[in-house]
Amino acid sequence: MTTRSETQSTLDHLLTEIELRNPAQPEFHQAAHEVLETLAPVVAARPEYAEPGLIERLVEPERQVMFRVPWQDDQGRVRVNRGFRVEFNSALGPYKGGLRFHPSVNLGVIKFLGFEQIFKNALTGLGIGGGKGGSDFDPHGRSDAEVMRFCQSFMTELYRHIGEHTDVPAGDIGVGGREIGYLFGQYRRITNRWESGVLTGKGQGWGGSLIRPEATGYGNVLFAAAMLRERGEDLEGQTAVVSGSGNVAIYTIEKLTALGANAVTCSDSSGYVVDEKGIDLDLLKQIKEVERGRVDAYAERRGASARFVPGGSVWDVPADLALPSATQNELDENAAATLIRNGVKAVSEGANMPATPEAVHLLQQAGVAFGPGKAANAGGVAVSALEMAQNHARTSWTAARVEEELADIMTSIHTTCHETAERYDAPGDYVTGANIAGFERVADAMLAQGVI
Ligand code: NDP
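Rules and cut-offs
Residues numbered from 1 in each chain as written. Predicted model: local features only at pLDDT ≥ 70, side-chain atom pairs only at ≥ 80, totals over all residues. Heavy atoms only, no water. Phe/Tyr/Trp six-rings, centres within 6.5 Å; stacked < 30°, edge-to-face > 60°. Helix = DSSP H or I, 4+ residues; strand = E, 2+ residues; numbered from the N terminus. Buried < 20%, exposed > 50% of the residue type's maximum accessible area, 1.4 Å probe, protein only. Pairing = 2+ DSSP bridges. Axes fitted to C-alpha atoms, helices over the stretch in contact; angles between N-to-C directions. Salt bridge = Lys/Arg side-chain N within 4 Å of Asp/Glu carboxyl O. Near = heavy atom within 4 Å. Polar contact = N/O pair within 3.5 Å; in protein donor to acceptor, adjacent residues only side chain to side chain. Areas by Shrake-Rupley, 256 points an atom, 1.4 Å probe, with all protein chains shown as cover. Nonpolar A, V, L, I, M, F, W, Y, C, P; charged D, E, K, R; others polar.

Digging into the packing of aromatic side chains
Then step 1. By the definition in use, this model includes 17 aromatic pairs.
Then step 2. On the basis of an interplanar angle of 80 degrees and a centroid distance of 5.1 Å, the ring pair of Phe115 and Phe119 is categorised as edge-to-face. With Phe115 and Phe119 both in helix α5 (residues 107-123) and four residues apart, this pair spans about one turn of that helix. Here Phe115 matches Phe119 in class, with each residue buried.
Then step 3. On the numbers, 5.2 Å between centres and 80 degrees between planes, the contact of Phe184 with Trp194 is edge-to-face.

Below, the structure written as structure tokens:
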């Protein structure tokens with residue numbers, strides 16, 4: 001039998017090859033390291049996983065599409081963006097994963113997100129493969145008409161690659177209900193099909209699932225609560241710092257508040273807000289969801305309890321819990337050290353890969369409960385899969401039913417990660433537990449389906 005250290009050196013060799021074959025894609029390298037550095041115990045224990053080519057296939061997307069997206073701004077000027085869809089792995093079901101519209105988007109970012117998505121989707125226990133897409137288009141400051149023209153142009157190419165049994169995109173950074181509406185409209189127009197299962201995150205009057213907007217944030221709070229329960233604690237009375245002020249952050253704050261915690265921060269790329277009384281969600285939703293404004297407007301309108309800190313690090317605010325909900329690598333080693341000094345008990349990732357590898361290491365060394373995004377934020381994609389199920393049956397479930405299913409799925413993901421970590425001698429290490437459990441499910445399906 002191969003030892004763990006022999007297996008690890010094979011995986012390290014593969015990581016070097018990944019870096020050579022995918023140059024200038026640091027986020028993808030980081031995501032591949034994060035997974036492959038935890039797989040040695042399971043590959044050493046189960047010889048079928050050491051089969052030549054299995055992990056090599058897993059790190060190579062099944063298909064990568066890049067395309068031109070020309071559109072006209074309100075002044076009639078032609079703009080050209082780049083569109084992406086990476087269909088990473090369909091061993092468990094149709095490719096599933098969001099679309100991100102942000103100027104920082106490039107192929108490496110989409111590949112990191114698509115790779116994460118494979119394991120996340122496997123952890124939900126549902127029949128969905130992994131994919132991701134997006135564009136370097138920046139919706140900030142664009143009129144609704146410009147966003148619509150961009151979405152229509154984007155879908156005019158994307159439509160030929162997706163379908164309810166093939167690939168089912170959803171939202172991510174910069175893509176919410178408005179964008180999904182324009183994308184769905186154009187898909188329907190081009191194909192002349194009412195194929196509601198082709199996109200998730202739709203509006204509730206036309207095929208969207210209740211609780212889908214809330215699902216990622218709610219799910220992350222449930223995951224954090226499960227980690228605390230393992231330590232004999234609950235959310236009641238805990239102070240929480242949350243970053244971001246978009247879809248994930250808003251519903252994270254909503255669930256924290258509902259379960260008795262005090263969420264005192266939110267942020268965007270201009271800075272962060274601290275509100276000692278706890279974030280006023282009605283005001284935050286009005287500014288972010290209705291006015292599409294910046295977080296400094298929150299502090300201006302909230303009064304004495306709140307202040308806006310331009311730039312700076314939201315992680316400087318002392319708290320029991322931290323829930324990063326903005327973007328990748330937003331919580332670095334220094335931020336982790338500050339959180340630890342201030343007595344943080346748990347960090348749960350609402351965003352994808354928000355903590356750097358150095359930060360994760362430091363938090364785990366300090367005994368902080370750490371929930372990796374592929375487990376903690378899987379509630380969003382899980383409810384997207386439930387939206388697909390409702391579309392397929394041409395029905396819609398009550399909010400209570402969807403929320404109950406979401407809670408069951410998050411509990412099951414927590415238990416799976418926890419038990420898998422124990423089984424592989426890494427008790428309390430949710431990173432190892434999530435990676436191995438997700439890997440086992442995908443790898444078993446890939447082995448059963450042959451070399452494709
Ligand atoms: P939104 O676009 O709704 O909100 C993103 C928030 O993060 C905004 O406040 C934005 O501020 C901030 N942000 C984004 N990029 C940066 C940056 N480079 N620097 C500083 N702040 C930034 O996106 P979501 O809430 O949907 O997504 C947030 C995270 O959660 C992402 O990592 C996403 O991949 C992940 N996620 C989302 C899911 C979903 O269901 N939506 C599911 C699972 C994970 P600003 O407006 O100033 O840019």
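Continuing now.
Observations concerning the sheet that holds strand β3 (residues 95-101)
Then step 1. Spatial strand order, β1-β2-β4-β3-β5: five strands in an open sheet with mixed pairing. Taken across any chain shown, the strands that pair with only one partner, and hence form the sheet edges, are β1 (63-72) and β5 (167-170). Taking the axes of each pair of neighbouring strands and ignoring which way they run, one obtains an average angle of 20 degrees across the sheet.
Then step 2. For β3 and strand β4 (residues 129-135), the ladder comprises five bridges, and the chain directions are parallel. Bridged to Lys96 within β4 is Gly130.

Looking at the pattern of salt bridges
Then step 1. This structure, assessed with the given rule, holds 30 salt bridges.
Then step 2. The salt bridge involving Glu116 is made with Lys374; its shortest N-O contact spans 3.3 Å. With Glu116 in helix α5 and Lys374 in helix α14 (residues 373-376), this pair connects stretches of sequence that are 258 residues apart.
Then step 3. With its nearest N and O atoms 3.2 Å apart, the salt bridge here joins Glu157 to Arg160.
Then step 4. On the basis of relative accessible area, Glu157 is assigned to the partly exposed category, the value being 21%.
Then step 5. By sharing partners, the salt bridges in this structure join Arg46, Glu48, Arg423, Glu440 and Asp444 into a single network.

Quick look at the environment of Glu17
Then step 1. For Glu17, the position within the fold is in helix α1 (residues 4-21).
Then step 2. For the pair Glu17 and Glu56, spaced 39 residues apart in the sequence, the C-alpha separation amounts to 9.6 Å.

Remarks on the site of the ligand
Then step 1. The environment of the ligand is formed by 25 residues, the closest being Asp172, Thr216, Ser269, Arg294 and Asn352.
Then step 2. At 2.8 Å from an oxygen atom of the ligand is found a side-chain nitrogen or oxygen belonging to His140.
Then step 3. Residue Arg212 places a side-chain N or O atom 3.0 Å away from an oxygen atom belonging to the ligand.
Then step 4. Alone, the ligand offers 890 Å² of accessible surface; in the complex the protein occludes 84% of this.
Then step 5. Of all elements in the fold, only α8 (212-230), α9 (247-258) and β8 (265-268) reach the threshold of two or more residues within the shell around the ligand.
Then step 6. Broken down by class, the residue content of the shell around the ligand amounts to four nonpolar, 15 polar and six charged.

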